[in-house]
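Breakdown of the fold
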Amino acid sequence: MHFTKGHGTGNDFVIIEDADGELDLTAAQVADLCHRRFGIGADGVLRVVRAAKDQAGAGMAGEAEWFMDYRNSDGSIAEMCGNGVRVFTRYLLAAGLAASGDSGIPVATRAGVVLAVAEGDQIRVHMRSPRVYAAGTATTGPLTFPGVAVDCGNPHLVCGLHDGLALSSLDLHMPPGFDKGLFPHGVNIEFVVPAAPLPETDLHVEMRVYERGSGETLSCGSGALAVGAVALRDAGLAMGTVAVDLPGGRLTVTHDEEDRWWLTGPAVLVASGELI
Ligand SMILES: N[C@@H](CCC[C@H](N)C(=O)O)C(=O)O
């Protein structure tokens, strides 16, 4: 089986092209592929399949030719992966499965169709609008962090750090605790601190993330979107751009005058090969 490896700000993926939907990837196979010692190593798998050829994608086949079948590194399925969409689009372009044009490339996901636009080394995606909807808390060891729940198609809990606590002081080797009543299917947890103002954006924050199904990752696109939405709301801004710095690099979240939410950042393919 042929594979390609890619990443978006260090959130890395094994990409498997299965245009006609002939592959039945099990959770165990995904976990094996993603294992960093015994496999290729990745935060997740992107299966590239024609929407019409996949049960979950078929309903969107009229709007998007390609369906991103995303799996976390533990083999679980997630509805959305913002960095995944960007790397998926980079793959479509590199493999000649889609052409870059002014109107963008529609990509079907379990959270609906999103639109990706390639601009040099950056890929920006018109994401589904984030919905900020409830208060919650996360815990790491003895520490409790108040946060806010955000639905980006997949679930997020955005927690601001308090009392001058540094992001680097958090121990994210173990999964943080969260309210299972609020998040019955698990949650991605973002920890956020303000960062020094930048001339080119309205707001600037730094974050770390503990992802459902993948553990701490260097970046999470949907997490950055959730963080951007909360930062704009807290600043009382109806529109604007937020620079979100993650351990793997910078993503930018923009809420524009047409009420669209954009996620922008680099997406890179780094290797390809054969599984033996
Ligand atoms: N890293 C992704 C999010 C992947 C899915 C997440 N772990 C979940 O289970 O919801 C991103 O870039 O958005």
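Reading the values: the criteria
Just so you know, the residues in each chain are numbered from 1, in the order the chain's sequence is written. Only residues with pLDDT of at least 70 get local features here, since the model is predicted, and only at 80 or more are side-chain atom pairs given and counted; chain-wide, interface and lining totals rely on the full set of residues. Helix and strand labels come from DSSP, where a helix needs a run of H or I of at least four residues and a strand needs a run of E of at least two; each type is numbered from the N terminus. To estimate how far a helix should reach, multiply one less than its number of residues by 1.5 Å. Counting other C-beta atoms within 10 Å of a residue's C-beta gives its exposure: the residue is buried at 20 or more, exposed at 12 or fewer, and partly exposed in between, where C-beta atoms are placed from the backbone. Residues are classed as near a molecule or strand if the C-beta position derived from their backbone is within 6 Å of it. Classification used: nonpolar for Ala, Val, Leu, Ile, Met, Phe, Trp, Tyr, Cys and Pro, charged for Asp, Glu, Lys and Arg, polar for all others including Gly. Bear in mind that the domain bounds are from an automatic or database domain assignment. UniProt positions are given in the numbering used here, feature names are shortened, and annotations may be inferred rather than shown by experiment. Contact criterion: two residues are in contact if their C-beta atoms, reconstructed from the backbone, are within 7 Å. Axis geometry follows a simple rule: fit a line to the C-alpha atoms, using only the stretch in contact for helices, then measure angles between N-to-C directions, giving values from 0 to 180 degrees. Oblique is the label for any angle not under 35 degrees, not over 145, and not in the 65 to 115 range, which are roughly parallel, roughly antiparallel and roughly perpendicular in turn.

1. A few points about helix H2 (residues 82-94)
Residues three or four positions apart in an α-helix share a direction because the helix packs 3.6 residues into each turn. Taking 1.5 Å of rise per residue, the 13 residues of H2 would be expected to cover 18 Å, and the 19 Å separating its terminal C-alpha atoms lies within 8% of that figure. For H2, the buried fraction is high: 11 of the 13 residues fall into the buried class. Within H2, burial applies to Gly82, Asn83, Gly84, Val85, Arg86, Val87, Phe88, Thr89, Arg90, Tyr91 and Leu92. Residue glycine 96 follows H2 closely and has a positive phi angle near 70 degrees.

2. Some points on the site of the ligand
Ala78, Asn83, Asn154, Gly221 and Ser222 are the nearest of the 17 residues found near the ligand. Those elements giving two or more residues to the shell around the ligand turn out to be H2 and helix H3 (221-234). When residues in the shell around the ligand are grouped by element, the largest group, three residues, is from H2. Taken together, the residues that form the shell around the ligand break down as three nonpolar, 12 polar and two charged. Shared between two domains, the shell around the ligand takes at least three residues from each, and those domains are domain 1 (2-127 + 266-274) and domain 2 (131-259).

3. Notes on unusual backbone geometry
Outside of glycine, negative phi angles account for most residues, and trans bonds account for most peptide bonds. Although it is not a glycine, aspartate 163 adopts a positive phi angle of roughly 55 degrees. Tracing the sequence through the fold places aspartate 163 in the loop between strand S10 (155-160) and strand S11 (177-178). The backbone phi angle of aspartate 259 is positive, close to 65 degrees, even though this residue is not glycine. By C-beta crowding, aspartate 259 is classed as exposed, having 9 other C-beta atoms within 10 Å.

4. Observations concerning the UniProt feature "binding site: substrate" (unreviewed entry) in the chain
Mapped onto this numbering, the UniProt entry gives "binding site: substrate" (unreviewed entry) at Asn11, Asn72, Gly82, Asn83, Asn154, Asn188, Glu211, Arg212, Gly221 and Ser222. The contact partners of asparagine 154, leaving out residues within four places of it in the chain, are Ala78, Glu79, Met80, Ala111, Asn188 and Ser222. Position of glutamate 211 relative to the elements: it lies in strand S13 (residues 203-211). Contacts of glutamate 211, omitting those with residues within four sequence positions, involve Asn188, Thr217 and Cys220.

5. A word on the UniProt feature "active site" (unreviewed entry) in the chain
Feature annotation in UniProt assigns "active site" (unreviewed entry) to the following positions: Cys81 and Cys220. Spanning 140 residues, the named residues form one tight spatial group whose C-alpha atoms are at most 7.6 Å apart. Along the chain, the position of cysteine 81 falls in the loop between strand S4 (66-72) and H2. Using a count of 30 C-beta atoms within 10 Å as the deciding quantity, one classes cysteine 81 as buried. The residue cysteine 220 is located in the loop between strand S14 (215-217) and H3 in this model. Discounting residues that sit within four places of it in the chain, cysteine 220 has contacts with Asn11, Asn83, Asn188, Val209 and Glu211.

6. Describing the packing of H2 against H3
At a minimum axis separation of 5 Å, H2 and H3 run at an interaxial angle of 130 degrees. With respect to each other, H2 and H3 are oriented oblique. Of the residues in H3, those touching H2 at Gly82, Asn83 and Arg86 are Gly221, Ser222, Ala224 and Leu225. Class assignment for the residues of the contact of H2 with H3 results in two nonpolar, four polar and one charged.

7. Observations regarding the environment of glycine 82
In this structure, glycine 82 sits in helix H2. By C-beta crowding, glycine 82 is classed as buried, having 28 other C-beta atoms within 10 Å. Distance in space between the C-alpha atoms of glycine 82 and aspartate 20 is 24 Å, their sequence separation being 62 residues. Not counting residues within four places of it along the chain, the set of residues in contact with glycine 82 comprises Val125, Met127, Gly221, Ser222, Ala224, Leu225 and Leu263.

8. Quick notes on the domain arrangement of the chain
Looking at the assigned domains, one finds that the chain contains domain 1 (2-127 + 266-274) and domain 2 (131-259). Taken over C-alpha atoms, the centre of domain 1 sits 23 Å from the centre of domain 2. Each side of the interface is counted separately: domain 1 has 21 residues, and domain 2 has 19 residues. Per-element tally for the side of domain 1 that touches domain 2: the top contributor is H2, with three residues. Grouping the constituent residues of the side of domain 1 that touches domain 2 by class yields six nonpolar, 11 polar and four charged.

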